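The chain contents come next:
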Amino acid sequence: MNKKPKWVIFDVGQVLYDYQGFLSHAATHLNIESVLLKSELDEIVEKSMKGEMTFEEVWEQVLKAHGKESELEKILEIHWDSKKFVADTKHLIKQLHNKGYSIALFTNNWPNATERILKNVDEDLSVIKHMFESSVEKLKKPDMKFYELVEKRTGAKGNEIFFIDDKDVNLTTAEILGWQTFLYKLGQDGGKTSNDKIRKQLL
(Lines give C-alpha, C1' and ligand atoms only; values in the text may rest on other atoms or scores of the structure.)
Protein backbone atom coordinates (compact mmCIF):
# COMPACT_ATOMS: atom_id res chain seq x y z
CA MET A 1 0.00 0.00 0.00
CA ASN A 2 1.55 3.29 -1.09
CA LYS A 3 1.68 6.24 1.27
CA LYS A 4 -1.27 8.59 0.88
CA PRO A 5 -0.02 11.58 -1.12
CA LYS A 6 -0.53 15.21 -0.13
CA TRP A 7 -0.65 16.52 -3.69
CA VAL A 8 -2.39 15.18 -6.78
CA ILE A 9 -0.94 16.77 -9.90
CA PHE A 10 -2.60 16.52 -13.30
CA ASP A 11 -1.25 16.93 -16.79
CA VAL A 12 -3.67 18.84 -19.05
CA GLY A 13 -3.54 17.47 -22.63
CA GLN A 14 -5.25 14.07 -22.99
CA VAL A 15 -6.00 14.03 -19.26
CA LEU A 16 -8.05 17.12 -18.58
CA TYR A 17 -8.41 18.32 -22.16
CA ASP A 18 -9.22 16.20 -25.23
CA TYR A 19 -6.42 17.45 -27.47
CA GLN A 20 -6.76 14.59 -29.95
CA GLY A 21 -10.47 15.32 -30.21
CA PHE A 22 -9.65 18.95 -30.94
CA LEU A 23 -7.16 17.97 -33.66
CA SER A 24 -9.70 15.64 -35.26
CA HIS A 25 -12.37 18.36 -35.21
CA ALA A 26 -9.95 20.95 -36.62
CA ALA A 27 -8.75 18.59 -39.38
CA THR A 28 -12.32 17.85 -40.44
CA HIS A 29 -13.20 21.54 -40.49
CA LEU A 30 -10.10 22.43 -42.51
CA ASN A 31 -10.41 19.40 -44.81
CA ILE A 32 -6.84 18.37 -44.00
CA GLU A 33 -5.85 14.79 -43.15
CA SER A 34 -5.56 14.56 -39.38
CA VAL A 35 -2.24 12.67 -39.57
CA LEU A 36 -0.73 15.44 -41.71
CA LEU A 37 -2.09 18.18 -39.47
CA LYS A 38 -0.75 16.48 -36.34
CA SER A 39 2.66 16.01 -37.95
CA GLU A 40 2.87 19.69 -38.92
CA LEU A 41 1.77 20.81 -35.46
CA ASP A 42 4.12 18.44 -33.63
CA GLU A 43 7.09 19.87 -35.49
CA ILE A 44 6.20 23.42 -34.44
CA VAL A 45 5.01 22.52 -30.95
CA GLU A 46 8.32 20.84 -30.14
CA LYS A 47 9.99 24.23 -30.56
CA SER A 48 7.34 26.45 -28.99
CA MET A 49 6.45 25.17 -25.53
CA LYS A 50 8.79 27.44 -23.57
CA GLY A 51 6.97 30.61 -24.50
CA GLU A 52 8.51 31.15 -27.93
CA MET A 53 5.13 31.21 -29.73
CA THR A 54 1.53 31.68 -28.68
CA PHE A 55 -1.18 29.22 -29.66
CA GLU A 56 -2.45 31.77 -32.19
CA GLU A 57 1.00 32.17 -33.76
CA VAL A 58 1.42 28.41 -34.07
CA TRP A 59 -1.87 28.11 -35.89
CA GLU A 60 -1.23 31.14 -38.07
CA GLN A 61 1.89 29.35 -39.33
CA VAL A 62 0.04 26.09 -39.99
CA LEU A 63 -2.93 27.74 -41.68
CA LYS A 64 -0.69 29.93 -43.87
CA ALA A 65 0.97 26.80 -45.26
CA HIS A 66 -2.46 25.64 -46.44
CA GLY A 67 -3.76 29.02 -47.60
CA LYS A 68 -6.39 28.97 -44.84
CA GLU A 69 -5.41 32.00 -42.74
CA SER A 70 -9.03 33.14 -42.55
CA GLU A 71 -9.90 30.08 -40.46
CA LEU A 72 -7.95 31.19 -37.37
CA GLU A 73 -10.96 32.44 -35.40
CA LYS A 74 -12.85 29.22 -36.06
CA ILE A 75 -9.89 27.13 -34.91
CA LEU A 76 -9.72 29.16 -31.69
CA GLU A 77 -13.44 28.63 -31.18
CA ILE A 78 -13.06 24.86 -31.65
CA HIS A 79 -10.05 24.72 -29.35
CA TRP A 80 -11.61 26.59 -26.45
CA ASP A 81 -14.95 24.82 -26.64
CA SER A 82 -15.68 23.93 -23.01
CA LYS A 83 -16.85 20.48 -24.12
CA LYS A 84 -13.23 19.63 -25.00
CA PHE A 85 -12.43 19.68 -21.28
CA VAL A 86 -12.98 16.19 -19.91
CA ALA A 87 -16.05 16.31 -17.68
CA ASP A 88 -15.25 13.25 -15.59
CA THR A 89 -11.71 14.44 -14.90
CA LYS A 90 -13.08 17.81 -13.78
CA HIS A 91 -15.42 15.93 -11.45
CA LEU A 92 -12.54 13.81 -10.14
CA ILE A 93 -10.52 16.94 -9.35
CA LYS A 94 -13.37 18.30 -7.24
CA GLN A 95 -13.78 14.95 -5.46
CA LEU A 96 -10.07 14.86 -4.60
CA HIS A 97 -10.14 18.45 -3.41
CA ASN A 98 -13.13 17.72 -1.19
CA LYS A 99 -11.19 14.81 0.36
CA GLY A 100 -8.39 17.15 1.37
CA TYR A 101 -5.84 16.63 -1.39
CA SER A 102 -4.01 19.66 -2.76
CA ILE A 103 -4.42 19.92 -6.54
CA ALA A 104 -2.05 21.31 -9.17
CA LEU A 105 -1.75 21.27 -12.95
CA PHE A 106 1.61 20.52 -14.62
CA THR A 107 1.65 21.14 -18.35
CA ASN A 108 3.72 21.84 -21.42
CA ASN A 109 1.71 24.64 -23.01
CA TRP A 110 1.68 27.91 -24.92
CA PRO A 111 1.66 31.40 -23.39
CA ASN A 112 -1.67 33.10 -22.66
CA ALA A 113 -3.53 29.84 -21.96
CA THR A 114 -3.63 30.01 -18.15
CA GLU A 115 -6.80 32.02 -17.65
CA ARG A 116 -8.83 30.03 -20.17
CA ILE A 117 -7.74 26.68 -18.77
CA LEU A 118 -8.56 27.68 -15.21
CA LYS A 119 -11.90 29.15 -16.26
CA ASN A 120 -12.89 25.78 -17.70
CA VAL A 121 -11.54 23.68 -14.83
CA ASP A 122 -11.85 25.74 -11.67
CA GLU A 123 -14.59 28.31 -12.09
CA ASP A 124 -14.33 29.88 -8.64
CA LEU A 125 -10.51 29.55 -8.53
CA SER A 126 -10.68 27.66 -5.23
CA VAL A 127 -9.49 24.17 -6.20
CA ILE A 128 -6.27 24.50 -8.24
CA LYS A 129 -3.51 25.65 -5.89
CA HIS A 130 -0.71 25.79 -8.45
CA MET A 131 -0.41 25.70 -12.22
CA PHE A 132 3.05 24.83 -13.50
CA GLU A 133 3.40 25.83 -17.17
CA SER A 134 6.33 25.32 -19.51
CA SER A 135 5.60 28.63 -21.24
CA VAL A 136 5.85 30.51 -17.94
CA GLU A 137 8.74 28.68 -16.29
CA LYS A 138 10.78 28.25 -19.51
CA LEU A 139 11.17 24.60 -18.59
CA LYS A 140 9.53 21.61 -20.20
CA LYS A 141 8.56 18.09 -19.12
CA PRO A 142 10.45 15.76 -18.85
CA ASP A 143 13.28 18.12 -17.76
CA MET A 144 14.22 17.21 -14.17
CA LYS A 145 14.55 20.90 -13.26
CA PHE A 146 10.84 21.40 -13.99
CA TYR A 147 9.90 18.63 -11.54
CA GLU A 148 12.27 19.98 -8.91
CA LEU A 149 10.56 23.37 -9.28
CA VAL A 150 7.22 21.66 -8.60
CA GLU A 151 8.64 20.15 -5.42
CA LYS A 152 10.02 23.49 -4.29
CA ARG A 153 6.75 25.38 -4.86
CA THR A 154 4.50 22.73 -3.32
CA GLY A 155 6.81 21.91 -0.45
CA ALA A 156 6.25 18.22 -1.21
CA LYS A 157 8.74 15.53 -2.20
CA GLY A 158 8.80 11.94 -3.34
CA ASN A 159 5.70 9.89 -2.60
CA GLU A 160 3.89 12.92 -1.19
CA ILE A 161 3.07 13.63 -4.85
CA PHE A 162 0.74 11.59 -7.09
CA PHE A 163 1.29 12.59 -10.73
CA ILE A 164 -1.07 11.80 -13.60
CA ASP A 165 0.15 12.07 -17.21
CA ASP A 166 -0.56 10.35 -20.52
CA LYS A 167 3.10 10.01 -21.56
CA ASP A 168 5.51 7.45 -20.11
CA VAL A 169 8.48 9.73 -20.70
CA ASN A 170 6.98 12.39 -18.41
CA LEU A 171 6.30 9.83 -15.70
CA THR A 172 9.83 8.43 -15.79
CA THR A 173 11.37 11.64 -14.45
CA ALA A 174 8.73 11.75 -11.71
CA GLU A 175 9.53 8.17 -10.72
CA ILE A 176 13.24 8.98 -10.44
CA LEU A 177 12.23 11.54 -7.79
CA GLY A 178 10.07 8.97 -6.03
CA TRP A 179 6.70 10.43 -7.02
CA GLN A 180 3.72 8.11 -7.27
CA THR A 181 2.59 8.02 -10.90
CA PHE A 182 -0.37 7.03 -13.02
CA LEU A 183 -0.32 6.53 -16.82
CA TYR A 184 -3.59 8.01 -18.03
CA LYS A 185 -5.60 6.76 -21.02
CA LEU A 186 -8.45 9.01 -22.13
CA GLY A 187 -9.90 6.25 -24.30
CA GLN A 188 -13.38 6.16 -25.76
CA ASP A 189 -15.21 6.55 -22.44
CA GLY A 190 -14.20 10.12 -21.65
CA GLY A 191 -11.49 9.00 -19.24
CA LYS A 192 -13.87 7.15 -16.94
CA THR A 193 -11.85 3.92 -16.81
CA SER A 194 -8.67 5.78 -15.85
CA ASN A 195 -10.48 8.11 -13.46
CA ASP A 196 -12.19 5.21 -11.69
CA LYS A 197 -8.80 3.55 -11.16
CA ILE A 198 -7.54 6.78 -9.60
CA ARG A 199 -10.68 6.98 -7.44
CA LYS A 200 -10.04 3.44 -6.23
CA GLN A 201 -6.48 4.36 -5.27
CA LEU A 202 -7.10 7.72 -3.65
CA LEU A 203 -10.74 8.08 -2.52
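Now for a quick tour of the structure. Just so you know, these numbers come straight off a predicted model, no measurement behind them. (Residues numbered from 1 in each chain as written. Predicted model: local features only at pLDDT ≥ 70, side-chain atom pairs only at ≥ 80, totals over all residues. Heavy atoms only, no water.)

### Remarks on the sheet that holds strand E3 (residues 128-133)
Thought 1: Spatially, E3-E2-E1-E4-E5 is the arrangement adopted by the five strands of the open sheet, whose pairing is parallel. Where the open sheet ends on each side, the last strands, each with one partner, are E3 and strand E5 (180-183). Strand-to-strand twist across the sheet, computed as the mean angle between neighbouring axes with direction ignored, equals 20°.
Thought 2: Judged from the four bridges that link them, strand E1 (residues 7-10) and strand E4 (residues 161-165) form a sheet pairing that is parallel. Residue pairing for E4: Phe 10 is matched across the bridge by Ile 164.
Thought 3: Against the sheet, helix H6 (residues 114-121) makes contact with strand E2 (102-107) and E3, and its axis sits at roughly 145° relative to E3, the strand it touches most. (Pairing = 2+ DSSP bridges. Helix = DSSP H or I, 4+ residues; strand = E, 2+ residues; numbered from the N terminus. Axes fitted to C-alpha atoms, helices over the stretch in contact; angles between N-to-C directions. Contact = heavy atoms within 4.5 Å.)

### Thoughts on the packing of helix H1 (residues 19-30) against helix H4 (residues 72-79)
Thought 1: Between H1 and H4, the least distance of the axes is 10 Å, while the angle of their chain directions is 150°. Of the possible angle classes, the one that applies to H1 and H4 is roughly antiparallel. Handedness of the crossing formed by H1 with H4: right-handed. Where H1 abuts H4, its residues Phe 22, His 25, Ala 26, His 29 and Leu 30 lie against Lys 74, Ile 75, Ile 78 and His 79.
Thought 2: Looking at the contact of H1 with H4 residue by residue, the class counts come to five nonpolar, three polar and one charged. (Parallel < 35°, antiparallel > 145°, perpendicular 65-115°, else oblique. Left-handed = near helix turned anticlockwise from the far one by under 90°. Nonpolar A, V, L, I, M, F, W, Y, C, P; charged D, E, K, R; others polar.)

### Overview of helix H8 (residues 144-154)
Along an α-helix, residues three or four apart share an orientation, since each turn contains 3.6 residues.
Thought 1: Of all the positions in H8, only Phe 146, Tyr 147, Leu 149, Val 150, Glu 151 and Thr 154 are classed as buried.
Thought 2: Elements in contact with the buried residues of H8: E1, E2, E3, helix H7 (134-137), E4 and helix H9 (168-176).
Thought 3: Just beyond H8, the residue with positive phi is Gly 155, at close to 75°. (Buried < 20%, exposed > 50% of the residue type's maximum accessible area, 1.4 Å probe, protein only.)

### What about the packing of helix H2 (residues 34-45) against helix H3 (residues 55-65)?
Thought 1: Their axes nearest at 10 Å, the elements H2 and H3 cross at an angle of 135°. Judged by the inter-axis angle, H2 sits oblique to H3. Considering how the two elements wind past one another, H2 and H3 form a crossing that is right-handed. Here H2 contributes Leu 37, Glu 40, Leu 41 and Ile 44 to the contact with H3, which in turn contributes Val 58, Trp 59, Gln 61 and Val 62.
Thought 2: Considering only residue class, the contact of H2 with H3 consists of six nonpolar, one polar and one charged.

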